[in-house]
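# Per-entry structural report
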Amino acid sequence: MIISKQFNFDEFTKKYLNEPLVHSYCKSCENYNLNYSCPDHKDSLIEKYKNYKYITVFIYKDTYDQFVTHEDAYWNARNFIDKAIFDFEKETNSIGLIPGKCILCNPCLKTLDEPCPTPELIRHSLETIGFHVSNIIENEFNEKLEWDTKILHLVFAALSNQPITAKFDDFLKFYI
Ligand code: SF4
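Described in the following lines is the structure provided in the data block. (Residues numbered from 1 in each chain as written. Predicted model: local features only at pLDDT ≥ 70, side-chain atom pairs only at ≥ 80, totals over all residues.)

## Quick look at the overall build of the protein
Helices and strands together make up the secondary structure of the protein, namely seven helices and four strands. Put simply, the protein runs from its N terminus to its C terminus through helices and strands in the order β-α-α-α-β-α-β-α-α-β-α. Relative to the compact-globule value of 16 Å for 176 residues, the protein shows a C-alpha radius of gyration of 16 Å, a close match. For the protein, the spread of C-alpha atoms along the three principal axes comes to 40 × 35 × 30 Å. Residues classed as buried in the protein amount to 28% of the 176 residues present. Taking the intrachain contacts of the protein between residues at least 6 apart in sequence as the baseline, contacts between residues at least 24 apart amount to 79%. (Helix = DSSP H or I, 4+ residues; strand = E, 2+ residues; numbered from the N terminus. Rg over C-alpha atoms; globule rule 2.2 N^0.38 Å. Buried ≥ 20, exposed ≤ 12 C-beta atoms within 10 Å, placed from the backbone. Contact = placed C-beta atoms within 7 Å.)

Structure below.
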């Protein structure tokens, strides 16, 4: 199931951007500074995105089998969500924000101290920009990120200069 909501990006940023706090959480992630899409970045990423007018936030919510780990369910969903995000961008003239680190190479070439081969394809996450995702989904969607239940939430977004009316499910269905 996909839940979505569109916001004025300026107001959304004032309400939910807290880069120092969110990046302090990132420091405890195993990917910190090991993926070009993840912190630590030299410059604040909001500068790159601040001129967009709208943000549409999406939550992919699903349950998974008791014998499947949360991690496996997450990586399975990433495979089809990321593909659909690139299609959605083209159709809606938006830029996607992915639900985690960039997974186009495995491992990210940053771990090998080599340049990214496709910097134009790097997409950032809401967290990487500094948005407080758990506050967003609790306040705006009445949802809660819970890792110890069999409920999966993947949070991602599209930034645009015009309101988006396309439904993400229509893009996802080609990959599920
Ligand atoms: S495209 Fe590859 S090297 Fe570039 S950020 Fe993504 S995973 Fe890393």
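## Quick word on the sheet that holds strand E4 (residues 151-160)
Hydrogen bonds between backbone atoms are what pair the strands of a sheet, whose relative direction is either parallel or antiparallel. Taken together, the four strands give an open sheet; going across it, the order is E1-E2-E4-E3, and neighbouring strands pair in antiparallel fashion. The outermost strands of the open sheet, each flanked by one partner alone, are strand E1 (2-8) and strand E3 (95-97). With direction set aside, neighbouring strand axes in the sheet form an average angle of 20°. As paired elements, E3 and E4 share three bridges and run antiparallel to each other. Each residue of the ladder has a partner; that of Gly96, found in E4, is Ala158. Packed on one face of the sheet, helix H1 (residues 9-16) meets E1, strand E2 (54-63) and E4 and runs near 100° to E1. (Pairing = 2+ DSSP bridges. Axes fitted to C-alpha atoms, helices over the stretch in contact; angles between N-to-C directions.)

## Concerning the environment of Asn33
Mapped onto the elements, Asn33 comes out in the loop between helix H2 (19-26) and helix H3 (46-49). On the basis of neighbour counts, which here come to 14 C-beta atoms within 10 Å, the residue Asn33 falls in the partly exposed class. Each C-alpha atom, one on Asn33 and one on Glu19, is 15 Å from the other, the two residues being 14 residues apart in sequence.

## What about unusual backbone geometry?
Between Pro39 and the following residue, Asp40, the backbone shows a cis peptide bond with an omega angle of 15°. Within the element layout of this structure, Asp40 appears in the loop between H2 and H3. With an omega of 5°, the peptide bond between Asn106 and Pro107 qualifies as cis. Structurally, the position occupied by Pro107 is in the loop between E3 and helix H5 (126-129).

## Concerning the pairing of E4
Taking burial as the measure, the 10 residues of E4 include seven buried ones, the bulk of the element. Where E2 lies against E4, 10 bridges are found, and the strand directions are antiparallel. In the sheet register, Asp62 faces E4, and the bridge partner there is Leu152.

## A few points about the environment of Thr128
Mapped onto the elements of the fold, Thr128 is located in helix H5. Classification of Thr128 as buried rests on a count of 23 C-beta atoms within 10 Å.

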